[in-house]
Amino acid sequence: MSSTHGTTKTAGAVVGPSAPERSGPTGDSPQVRAVRRRVQELLPAKTVITDHARLRTYECDGLAHYRVTPALAVLADSVDDVATTVRICAEERVPFVARGSGTGLSGGALPRADGVLIVMSRMRAIREVSAEDQRAVVEPGVINLDVTKAAAAHGYYYAPDPSSQQICSIGGNVAENSGGAHCLKYGFTSNHVTGAEFVAPDGSVVELGGRALDAPGYDLLGTVIGSEGTLGIATAVTVRLTRTPEHVVTVLAGFPSTDDAGAATSAIIGAGIVPAAIEMMDALAIEAAEAAVHCNYPEGAGAVLVVELDGPEVEVRQEFDQVERLCRDNGAFAFRVANDDVERALIWRGRKSAFAAVGRISPDYIVQDGVIPRTSLPKVLRAIAELSASSAVRVANVFHAGDGNLHPLVLFDDSEEGQGEAAEEISGKILDLCIEAGGSITGEHGVGMDKSAYMPRMFSDADLDTMQMVRCAFDPNNISNPGKIFPTPRLCGEVPGRHKGEHPLAKSGIAEIF
Amino acid sequence: MTTDALAAAASGQSIDLPTPAFDEYRPPSAALVGDCVHCGFCLPSCPTYVLWGEEMDSPRGRIDLMKQGLEGDPLTDSMVGHFDACLGCMACVTACPSGVQYDRLIETTRAQVERRHQRTRRDKALRGAIFALFPYPRRLRALRGPLRGWQRIGGDRLLRRTGLLERIAPSLAAMERLAPRLGKAERLPERTAAIGTRRATVGMLTGCVQREFFPAVNAATVRVLAAEGCDVVVPAKQGCCGALSVHNGREPEALRFARALIDSFENAGVEWVVVNAAGCGSTMKEYAELLRDDPAYAVRAVAFATKVRDVSEILVELGPVATRHPLPITAAYHDACHLAHAQGVRAQPRALLNGIPGLQLREIADPAICCGSAGIYNVLFPEPARELGDRKAANVLATGAELLVTANPGCLMQVAASVERAGETIALAHTVEVLDASIQGRPVASLTGGGTSS
Ligand SMILES: Cc1cc2nc3c(=O)[nH]c(=O)nc-3n(C[C@H](O)[C@H](O)[C@H](O)COP(=O)(O)OP(=O)(O)OC[C@H]3O[C@@H](n4cnc5c(N)ncnc54)[C@H](O)[C@@H]3O)c2cc1C
Ligand code: SF4
Ligand code: SF4
């Protein structure tokens, strides 16, 4: 069983240096050899991984479909390790890819056979927790949930909570601008990071932003957040801590169908309530979660909503009454309330384990990620159901209903002839539905390797060129996680016509002059 | 093709395709390997990942290594090193939302490693010494007079030369320190009658380390079971359950132990086989799988395995009848991996402890992370074991509890040694010892004063 977003046919099939492949001769170019020799000279032996079996455990991230063995891996212990490695890569023109916990779902941390994988998972010190300032300074390998654990004693927590929060790293969150169930009220990673220590693609160490919410000058930090490792590597992150709410109520409501649950969602938000979270799961997703964690959701539900309200107690109580009424008005036949952390954890467990749990009901599946305007929810869900019915490919739906961020899970069995292709086709068509509805091809999992081929469906050439110019400003040599995000690799600062001969990469069709 | 083969090709040598890591006899199942969706959810509860933060020493990475082996990559020293470093704590099994059976995977992998991998002489000698000693109650007993014991193993020149003594010694020393005053271990009667109405007839495993170093735990188990209405049968001729051998890939030895144990209990006329050591219980519950290819034992193993219960399970299943007397004490309960992760037994010991009037139960932070004892792991890998022990000790001490309760002799010794290193003390007891004190109406001091306290 594997979870994938798509295969080379529907997405990410970028020819050239970024194409996924097993480590081959490119892993042994003179430049790569030089990098290997130089980092081995400068860094401790335990930091530099060259053993083939070990390197292969870094072949993929949470999108196990794409696998590339890196030429070399550096398990950094400090900003110096990172800066040294990046500087050497820059001097030798060898690409590097940052990796956090490797939970990414778009192949963002997919290594390069001709490059260095710089792994941040050992840099996991929480340098400072300052409750008075509502700030914490953490190394990039720190696990998201550990920030909350460290802040909890002071009455604070770290708000962005991807379902993978128990293992994904802050560095990965920054790179992906990750969101989570509670982003509806609290915003994404970008709303909770105020500064970063950053190794630019030439190996220099710079400070971006600071402790203040909005540093003067260009918002370079804002540029870097969500850049998927293509602009450099974060080596320390200053995050904003949020006061633990005075009161939290979590409810689980069972509905006959996703239409009813969707209508309830719209009604709740239409009533001016901003819940901390509104999450929806359909019948198939519920079945998977039940199989995995026995979350005991209402029997026979065609959809469930998890609604969480937080804030001052009086306010929460008032909103709670409204939410209950609106759910029942829209057909909720079961309404369960969690009053303490244990009950709350039980409700959330089903939702947070949903992706991985789908493995219980299907040998293989694709985790899709798309965004639509919330009001289009019933329409798009129906269209997905029709796609599924007409193709006999099952689709389970889990999503951040409040944000209109869909996570359709397309189920298939790769051992059955043709099923993989059919699943990919549906998966791609779902993205088309999102674009048609005025949404986007990714809500929070990023473009990475997997969706770069979809970028032109959303953006014009001019849009993509503009993005490339930003990239070139940071990384003129195109060595920082190249081949991700953009469908076609470009060479920076080279204007067509100035050269006598064609650039060899352009000539071979690998890159376009930009 | 591997890079080695490529290099060989480049240098003009003939290419010997490397021998694939696994052979046909019970390789790790490709289907089970395929169940892993690479989500990484198991990483934070894996003790080696917690220590080192690297992929190849995480469950996900080890499954990747198995996958490489199944794809035909050779069983390299580096691969074996990462399999060896796994504590077999099964925290990853609990953590995995996809239901990946890592327990099965590592067990089959280890058996292949033991059969196919050439270990260094030193490593072989150390493992040999351990397995010549720990699973044999009588040999352990011979070591109970410490100096006499040291001299005896010390007499083995190989042991000395390879520094094995220093490796095994700390564990034995810890056992020795924790074990109650030397003296004759009480012999348990072969049959103890239920007090009051008989509710069940149970057999009891006496274990190896438990029997020799913590005989009080076995005695308490018999008393508690009897008090709760069980006839307790203790077959005299019982040996090791094979847990250590199974967990270290020594399959033939494990099979021998398992068959013998089934023989000992088969005709004892018992409804349940009760175990008070977590590691033994988890292995005995898996005898069916272990002996599935043995025509003479396959069916009998199934029957045996279904009867196996941890002592806390059976006590909760039966429900209390004996009166609990108050024990005003704060106690921290430590989940032994082979009870919590391997058997899913978490609620029962807590329920039993909570049923004692006056006892205040405290939870230990990061309960899912192994204390580093892990069978013989602390002998094979003293450094990481020690680091994990220190982390656990810090979390235990932070509870401020007076008494540490757990259900495995290995954990007791490991945590005790770490607490001592931290310059602190805490009283230690097995869950049944606490219950026994309460049922017998003994004072708190009987737990905090003498007995197994450090
Ligand atoms: C079961 C499951 C559920 C998930 N749920 C959510 C969810 O609810 N919301 C959500 O947003 N995501 C979710 N994800 C996706 C994923 O967890 C996030 O994208 C997460 O932020 C990735 O973090 P990571 O540490 O694993 O990064 P990796 O996967 O290692 O890397 C991700 C990207 O970040 C880059 N990167 C990593 N560290 C750094 C650094 N220090 N500096 C610069 N670049 C860096 C990498 O190059 C790569 O491009 C889920 C994933 C799984 C498997
Ligand atoms: S059994 Fe324990 S040590 Fe081994 S991989 Fe699983 S969690 Fe890690
Ligand atoms: S939690 Fe399970 S599926 Fe996820 S990486 Fe670990 S073993 Fe694989």
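Residues numbered from 1 in each chain as written. Chains lettered and ligands numbered in written order. Predicted model: local features only at pLDDT ≥ 70, side-chain atom pairs only at ≥ 80, totals over all residues. Heavy atoms only, no water.

(A) Quick look at the overall build of chain A. Secondary structure summary: chain A contains 17 helices and 22 strands in total. Here the C-alpha coordinates of chain A stretch approximately 70 × 55 × 45 Å along the principal axes. In chain A, buried positions account for 61% of the 514 residues. Considering only residue pairs separated by 6 or more positions, chain A has 72% of its internal contacts joining residues 24 or more positions apart. (Helix = DSSP H or I, 4+ residues; strand = E, 2+ residues; numbered from the N terminus. Buried < 20%, exposed > 50% of the residue type's maximum accessible area, 1.4 Å probe, protein only. Contact = heavy atoms within 4.5 Å.)

(B) Representation of the domain arrangement of chain A in the model. Residue and element names in this part refer to chain A. Taken domain by domain, chain A consists of domain 1 (30–119), domain 2 (126–243), domain 3 (247–413) and domain 4 (453–508). Placing the centre of domain 2 and that of domain 4 at their C-alpha centroids yields a distance of 28 Å. If you look at the interface, domain 2 gives ten residues, while domain 4 gives nine residues. Counting the contacts that link domain 2 with domain 4 gives three residue pairs in polar contact (both at pLDDT 80 or more). Its residues placed into classes, the side of domain 2 that touches domain 4 shows four nonpolar, five polar and one charged. (Domains from an automatic or database assignment. Polar contact = N/O pair within 3.5 Å; in protein donor to acceptor, adjacent residues only side chain to side chain. Nonpolar A, V, L, I, M, F, W, Y, C, P; charged D, E, K, R; others polar.)

(C) The arrangement of the pattern of salt bridges in detail. Applying the stated criterion across every chain, the model contains 56 salt bridges over all chains. The partner of E91 of chain A in a salt bridge is R87 of chain A, and the shortest N-O contact between them spans 3.8 Å. Taken together, the residues E91 of chain A and R87 of chain A, both in helix α3 (residues 79–92) and four residues apart, mark about one turn of the helix. The closest approach of N and O atoms between E114 of chain B and R119 of chain B, which form a salt bridge, is 2.7 Å. Assessed through its relative accessible area of 25%, E114 of chain B is described here as partly exposed. Through salt bridges with shared partners, a single network forms among R56, E59 and R67 of chain A together with D64, K67, E71 and D73 of chain B. (Salt bridge = Lys/Arg side-chain N within 4 Å of Asp/Glu carboxyl O.)

(D) The arrangement of the interface of chain B and chain A in detail. On the chain A side, the residues contacting the 36 residues of chain B number 38 residues. Summed over both sides, the interface of chain B with chain A buries roughly 2800 Å², with 50% coming from carbon and sulfur. Three residues, V37, H38 and F41 of chain B, lead the burial of chain B against chain A; their summed loss comes to 20% of the area buried on that side. Taken together, the connections running from chain B to chain A amount to five salt bridges. Between R99 of chain A and E55 of chain B there is a salt bridge, and its shortest N-O distance comes to 2.9 Å. Linking chain B with chain A are 18 residue pairs in polar contact (both at pLDDT 80 or more). Taken together, the elements giving at least two residues each to the side of chain B that touches chain A come down to α3 (47–52), α4 (59–70) and α5 (77–84) of chain B. Split by residue class, the side of chain B that touches chain A holds 15 nonpolar, twelve polar and nine charged. (Buried area = accessible area lost by both parts, 1.4 Å probe.)

(E) The nonpolar core, seen in detail. Formed by 63 residues in total, the largest nonpolar core has its most connected members in M281, Y297 and L409 of chain A together with F83 and Y102 of chain B. It is helix α9 (residues 283–293) of chain A that provides the largest number of residues to this core, a total of seven residues. When sequence neighbours within four positions are dropped, the list of residues in contact with M281 of chain A reads I286, A289, Y297, G302, A303, V304, G350, R351, A354, N397 and V398 of chain A. Residues F214, A227, L353 and L359 of chain B belong to the second largest nonpolar core, which totals 59 residues. (Core = buried A, V, L, I, M, F, W, Y, C linked by side-chain atoms within 4.5 Å.)

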